[in-house]
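The chain contents come next:
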Amino acid sequence: MYQPDNGVRTFNAWQLTCFGLLTTPLAMGGLAMAMYLPTYYAVDMGLGLGLVGAIFVFGRLFDIFTDPLVGHWSDETQTRFGPRKPWMIAGVIGFSGSVYLFLSPPDAVGPAYLALASGLYFLFYTILDVPYSSIGLEVSPHVHERSLLAGSKAVFQVVGAILAAALPFIMGYSIGEALNVIAFAIIALCFIGLVLFLSTVPTPVRIINRPRLTTVEALKSVLADRRYRYLLGSFLIVQAANSLVAGLMVLYVVHIVGAAELVGLFLGILLLSSAAFLPLWIYLSKRYSKKTSWMAASLLCAIALALIPLVGRGDVTGAIIVSIIVGSSFGADAIMPTSMLADIVYEKELEGNNRLGGLYLAVKNSVSKLSFIVPMGLAFPVLGYIGFEKTGAAGPNAMLTFFFFYSALPILLRLAALYVLKMGPDFIVEQKQDSVFA
C-alpha cells in the first residue's frame, strides 16, 4: 500500500543545492558539445561536417559501452571514502582537462586532435557523471526526497544549459571566444561543486560482504528485475519521442512557424518550462504516485503534440503555448524515471544485495544515448532526401512528412510508453529506513 510522505527529510535546502550544483558544469559541457562544437570544428576549423559528425557519433556509441563498465566498476570499488567519491574526484580532474582540450583547441587542429579531445571528454564525462548520479539513487531512505534530489539535478541542468546558450550573446563574443569562457566556467564550477558536494552531502556507508560480481553477472542481475525492464522500456520510448521533438525544433521554428530569429527563444522556453513545472510533477508523485505523475505528463505532452499541425505560419503565440506544454513534460521525464529507479535500487540494497546502483543508472544512461541516435538516423535522412532544409514546407508531401516526424510519431511513441507503464508492475515502494545511511 502506498505510504504518504511523513515529512521526514535527510537533506535541507542547502544540501539539496550542493547536491545538484555539480550538474551545472556537466550541462554546460553537454550543450556546448551539441550546439557549438560541431559547427566550430567543421566550419571554423575546416574539418568538414561529415568527418566531425562521424567522430561525434562514434563518441556517443563509445559511451554506450563505457557507461555500464564505469557503473559496475564504481559499484565494486571499496575504499574508506565509499565507492563513488574516488571516481568523482578523478572524474572532475580528468573532465576539467578534457574540457580545456575540447573547448579551447589551438588555432589549427586536425582530425586526430578532435578524436583525442572528444574521446577524453566523453570518457571523463562518464567517469564523473555515473558515480555522481548513482549517489542520488542511494543517498536518501525517504521515498519522496528521492524526487527532490532528482529535481535538484534537473533544475541545475537547466541552469547550466541556459548559461552555456546565453554566454555568447550576453558577452558579444565569437563562438571561439565564447567556448574559451565556457571552458573556464565549467572547470571552476566543477571544483566548486565537488568541494561543496564532498563537504555537505551525506553519503551511504553500507559495507558489502557478498562476493564480487563480474560485469556479466551484474548485468544479468540488473536485467532480471522486472520492474527495471519495464522502466527501461518506457524510458527508451519516451526519450526517442523527445529526441525527435528536440532535434527537429529548429526546423519547426524556421520553416513551419517562419520565425528563424526566435530559435533561441524557443530553446529557452523548452528549458525554462521543464524547470518551472517540476513542483507540479513532484506534488502529483506525492499525492498519487511517481508512475501516475509520469503518465499524466506523457498524456499532456501527447495532447500538446496533437495541436502542432494547427499552428500555422506566423502563429508565434500558438507555437509558444504548445512549446511550454511540451517542455513541461520534459521535467517529468527527467525526474520521475530517476526517482523510480532510486526506489528500486534502495529496496534492493535493503534486501542485502550487492551494490548495483551505478550499473542500474549506467544502463539507463546508455539507453538514453542510444535513443537519441536511432530516431535522428531515421528522420534526418528522410527530410534530407526530400530537401526539407532547403525548400521547407513547400508542398503537401513535405509538410505531411515533417509533421509525421515532429508530431505523429512522437505521439505514437508517447502512447506506447503509456501502455508499457500501464501494463507494467507497480513501482510503488513503501518508505523504509535503516542504519545504512549516515
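None of these values were measured; they are calculated from a predicted model. (Residues numbered from 1 in each chain as written. Predicted model: local features only at pLDDT ≥ 70, side-chain atom pairs only at ≥ 80, totals over all residues. Heavy atoms only, no water.)

(A) Spotlight on the overall build of the protein chain. When helices and strands are tallied, the protein chain shows 17 helices and zero strands. Buried positions account for 55% of the 438 residues belonging to the protein chain. In the protein chain, the share of contacts with a sequence separation of at least 24, taken over all contacts with a separation of at least 6, comes to 85%. (Helix = DSSP H or I, 4+ residues; strand = E, 2+ residues; numbered from the N terminus. Buried < 20%, exposed > 50% of the residue type's maximum accessible area, 1.4 Å probe, protein only. Contact = heavy atoms within 4.5 Å.)

(B) The arrangement of the packing of helix α7 (residues 145–171) against helix α14 (residues 316–350) in detail. Their axes nearest at 8 Å, the elements α7 and α14 cross at an angle of 140 degrees. With respect to each other, α7 and α14 are oriented oblique. For the element pair α7 and α14, the recorded crossing hand is right-handed. Where α7 approaches α14, its residues Arg-146, Ser-147, Ala-150, Gly-151 and Ala-154 are matched on the opposing element by Ala-334, Ile-335, Met-336, Thr-338, Ser-339, Ala-342, Asp-343 and Tyr-346. Across the contact of α7 with α14, the residue classes break down as seven nonpolar, four polar and two charged. (Axes fitted to C-alpha atoms, helices over the stretch in contact; angles between N-to-C directions. Parallel < 35°, antiparallel > 145°, perpendicular 65-115°, else oblique. Left-handed = near helix turned anticlockwise from the far one by under 90°. Nonpolar A, V, L, I, M, F, W, Y, C, P; charged D, E, K, R; others polar.)

(C) Main features of the environment of Gly-331. For Gly-331, the location among the structural elements is in helix α14. Separated by 58 residues in the primary sequence, Gly-331 and Ser-273 place their C-alpha atoms 7.9 Å from one another. Leaving out residues up to four positions away in the same chain, Gly-331 has contacts with Ser-274, Leu-278 and Trp-281.

(D) Main features of the nonpolar core. Counting 50 residues, the largest nonpolar core has Tyr-41, Phe-102, Leu-103 and Ile-182 as the members making the most contacts within it. Once residues lying within four places of it in the same chain are set aside, the contact partners of Leu-103 are Ala-32, Leu-37, Leu-179, Asn-180, Ile-182, Ala-183 and Ile-186. Leu-341, Ala-342, Val-345 and Val-367 belong to the second-largest nonpolar core, a separate cluster that totals 35 residues. (Core = buried A, V, L, I, M, F, W, Y, C linked by side-chain atoms within 4.5 Å.)

(E) The arrangement of the side chain of Lys-85 in detail. Tracing the backbone through its elements, the reader meets Lys-85 in helix α5 (residues 85–103). Glu-138 provides the closest opposite charge to the buried, unpaired Lys-85, separated from it by 11 Å. For Lys-85, the contacting residues outside a window of four places in its chain are Leu-198 and Thr-203. (Lys, Arg positive; Asp, Glu negative; His and termini not counted. Salt bridge = Lys/Arg side-chain N within 4 Å of Asp/Glu carboxyl O.)

(F) Structural context of the packing of aromatic side chains. For the structure shown, the criterion picks out 19 aromatic pairs. The ring of Phe-235 has Lys-364 lying over it, and the distance from NZ or CZ to the ring centre is 4.4 Å. (Phe/Tyr/Trp six-rings, centres within 6.5 Å; stacked < 30°, edge-to-face > 60°. Lys NZ or Arg CZ within 6 Å of the ring centre and 35° of its normal.)

(G) Representation of a nonpolar patch on the surface within the structure. Residues Ile-89, Ile-93, Phe-191 and Leu-198 make up a contiguous nonpolar surface patch of roughly 330 Å² in combined accessible area. Put simply, the parts of the chain that give the nonpolar patch at least two residues each are α5 and α8 (175–200). Topologically, Ile-93 is positioned in helix α5. Using a relative accessible area of 53% as the deciding quantity, one classes Ile-93 as exposed. (Patch = residues over 30% accessible without salt bridge, like charges linked within 9 Å, V, L, I, M, F, W, Y side chains within 5 Å. Areas by Shrake-Rupley, 256 points an atom, 1.4 Å probe, with all protein chains shown as cover.)

(H) Broad picture of the side chain of Lys-153. Position of Lys-153 relative to the elements: it lies in helix α7. Buried and without a salt bridge, Lys-153 has Asp-129 as its closest oppositely charged side chain, separated by 4.5 Å.

(I) View of α7. If you check α7, its first and last C-alpha atoms are 38 Å apart, about what 27 residues at 1.5 Å a residue would give, namely 39 Å. The largest bend in α7 amounts to roughly 35 degrees and is located at Ala-165, with the proline Pro-168 lying one to four residues further along. Just beyond α7, the residue with positive phi is Gly-172, at close to 70 degrees. (Expected span 1.5 Å × (residues − 1). Bend = angle between axes of the 7 residues up to and from the residue.)

(J) Up close: the packing of helix α10 (residues 226–257) against helix α11 (residues 263–276). Between α10 and α11, the shortest axis-to-axis distance is 10 Å and the interhelical angle comes to 130 degrees. Our classification of the angle between α10 and α11 gives oblique. When you trace α10 past α11, the crossing you get is right-handed. Counted together, Met-249, Val-250, Val-253 and Val-254 of α10 and Val-263, Phe-266, Leu-267 and Leu-270 of α11 form the full contact between these two elements. In terms of residue class, the contact of α10 with α11 is built from eight nonpolar, no polar and no charged.

(K) Examining the pattern of salt bridges more closely. Counted according to the given criterion, the structure contains six salt bridges. Here Asp-75 and Arg-84 are joined by a salt bridge, their closest N and O atoms 2.7 Å apart. The exposure class assigned to Arg-84 is buried, which follows from its relative accessible area of 2%. Across the pair Asp-333 and Arg-414 runs a salt bridge whose closest N-O atoms are separated by 2.6 Å. With Asp-333 in helix α14 and Arg-414 in helix α17 (residues 396–423), this pair connects stretches of sequence that are 81 residues apart. The exposure classification of Asp-333 matches that of Arg-414, with both residues buried. When salt bridges that share partners are traced, they join Asp-75, Arg-84 and Glu-138 into one network.

(L) Local environment of the environment of Leu-103. Structurally, Leu-103 is set in helix α5. Looking at Leu-103, the relative accessible area reads 1%, which means it is buried. Along the backbone, Leu-103 and Ser-118 are 15 residues apart, and their C-alpha atoms lie at a distance of 9.5 Å.

(M) View of the environment of Leu-189. Within the fold, Leu-189 resides in helix α8. Apart from the residues within four sequence positions on either side, Leu-189 is in contact with Leu-22, Thr-24, Pro-25 and Met-28.

(N) Quick peek at α10. Over its 32 residues, α10 runs 43 Å from end to end, which matches the ideal 46 Å to within 8%, given 1.5 Å per residue. Within α10, the axis deviates most sharply at Leu-248, by approximately 50 degrees. Along α10, 23 of the 32 residues are buried, which leaves the element largely enclosed by surrounding structure. Two or three places before Arg-227, at the start of α10, stands the capping residue Asp-225, its side-chain oxygen 3.0 Å from that residue's backbone nitrogen. Two residues or fewer after α10 comes Gly-258, characterised by a positive phi angle close to 75 degrees. (Polar contact = N/O pair within 3.5 Å; in protein donor to acceptor, adjacent residues only side chain to side chain.)

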